[in-house]
Amino acid sequence: MSGVDAGEAKGNSLRLLYKIIAYAAIWILALLVTAPGLWALAWMFPLGLVAVIDRHTANDGGWGVMIGCYAVYLVHGYFYFRSKTVMRTVILYGVLVVLLVGNVAGCREMIHSH
């Protein structure tokens, strides 16, 4: 990569600190609006992804479903933090917001159905 290319790439990327702050902020917001009184169950939060589609599977799916939900967020985080351009970072952040909104909706559905 030439000096000009490296400078353009660096100027078009977001600093890691800003990515971390944005990522943590949206996760904290999602956790806060889901169920403020149920902090002991926060580790189950990713199951909300499945609950949007099938509440029974989210409740009775077992460890495979739980691990799969965590894997979705781990894979997303990998690509989000490795993104090199502002556009890719913004798109991946938008994907995270959509995932978390669905997750919150699924969690609320599970909470209110019991």
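Predicted model only: the values in this text are computed from it and were never measured. (Residues numbered from 1 in each chain as written. Predicted model: local features only at pLDDT ≥ 70, side-chain atom pairs only at ≥ 80, totals over all residues. Heavy atoms only, no water.)

It is worth spelling out the environment of Gly 77 at this point. Take Gly 77: it is sitting in helix 5 (residues 63-82). Residue Gly 77 is classed as buried on the basis of its relative accessible area, which comes to 10%. In sequence terms Gly 77 and Tyr 93 are 16 residues apart; their C-alpha atoms lie 9.5 Å from each other. (Helix = DSSP H or I, 4+ residues; strand = E, 2+ residues; numbered from the N terminus. Buried < 20%, exposed > 50% of the residue type's maximum accessible area, 1.4 Å probe, protein only.)

Looking now at a nonpolar patch on the surface. Judged by side-chain polarity, Leu 38, Leu 41, Trp 43, Trp 63, Ile 67, Tyr 70, Leu 74 and Ile 111 come together as a nonpolar surface patch covering roughly 850 Å² of accessible area. Counting residues per element, the nonpolar patch draws most heavily on helix 5, which supplies four residues. Inspection of the secondary structure puts Tyr 70 in helix 5. (Patch = residues over 30% accessible without salt bridge, like charges linked within 9 Å, V, L, I, M, F, W, Y side chains within 5 Å. Areas by Shrake-Rupley, 256 points an atom, 1.4 Å probe, with all protein chains shown as cover. Salt bridge = Lys/Arg side-chain N within 4 Å of Asp/Glu carboxyl O.)

Here the focus is helix 2 (residues 16-34). An ideal rise of 1.5 Å per residue puts 27 Å on 19 residues; helix 2 measures up with 27 Å between its terminal C-alpha atoms. The complete set of buried residues in helix 2 reads Lys 19, Tyr 23, Ile 26, Trp 27, Ala 30 and Thr 34. For helix 2, the angular spread of buried residues about the axis comes to 95 degrees, placing them on one side. Its buried side turned inward, helix 2 meets helix 5 and helix 6 (86-112). (Expected span 1.5 Å × (residues − 1). Arc of directions from axis to C-beta. Contact = heavy atoms within 4.5 Å.)

This next bit is on the layout of surface pockets. In this structure, the largest pocket occupies an estimated 440 Å³ of space. In terms of lining residues, the largest pocket is bounded by 23 residues, among which Leu 41, Met 44, Phe 45, Cys 107 and Met 110 are the most central. Breaking the lining of the largest pocket down by element, the ones donating at least two residues are helix 2, helix 4 (55-60), helix 5 and helix 6. (1 Å grid on protein atoms, 1.4 Å probe; cavity = no way out; pocket = protein on both sides within 12 Å on 5 of 7 lines; lining within 4 Å. Points joined across faces, edges and corners; volume = space filled by probe spheres on them.)

What follows deals with the nonpolar core. Core analysis: the biggest nonpolar cluster contains 14 residues, and Trp 27, Phe 45, Tyr 73, Leu 96 and Leu 100 have the highest contact counts within it. Elements with a minimum of two residues in this core: helix 2, helix 5 and helix 6. Apart from residues no more than four positions distant in its own chain, Tyr 73 is found in contact with Tyr 23, Trp 27, Pro 46, Leu 49, Leu 96, Leu 99, Leu 100 and Asn 103. (Core = buried A, V, L, I, M, F, W, Y, C linked by side-chain atoms within 4.5 Å.)

Next up on the list: the confidence of the model for the protein chain. Low pLDDT means the predicted atomic positions in that stretch should not be read closely. Averaged over all residues, the pLDDT of the protein chain equals 82, while 87% of them reach at least 70. Summarising per-element confidence for the protein chain, the mean pLDDT is lowest in helix 1 (residues 3-11) (48) and highest in helix 5 (92). The low-confidence segment residues 1-8 (pLDDT under 50) makes one contact with residues lying over four places distant or belonging to another chain. (pLDDT = per-residue confidence, 0-100.)

Enumeration over the complete set of coordinates arrives at seven aromatic pairs. Between the aromatic rings of Tyr 80 and Tyr 93, the centroid separation amounts to 6.2 Å while the plane-to-plane angle is 40 degrees, which identifies the pairing as tilted. Taken as a pair, Tyr 80 in helix 5 and Tyr 93 in helix 6 lie far apart in primary sequence, 13 residues in all. According to the relative accessible area criterion, Tyr 80 is buried, its value standing at 1%. Three or more aromatic residues joined by ring pairs form one cluster here, namely Tyr 23, Tyr 80, Phe 81 and Tyr 93. (Phe/Tyr/Trp six-rings, centres within 6.5 Å; stacked < 30°, edge-to-face > 60°.)

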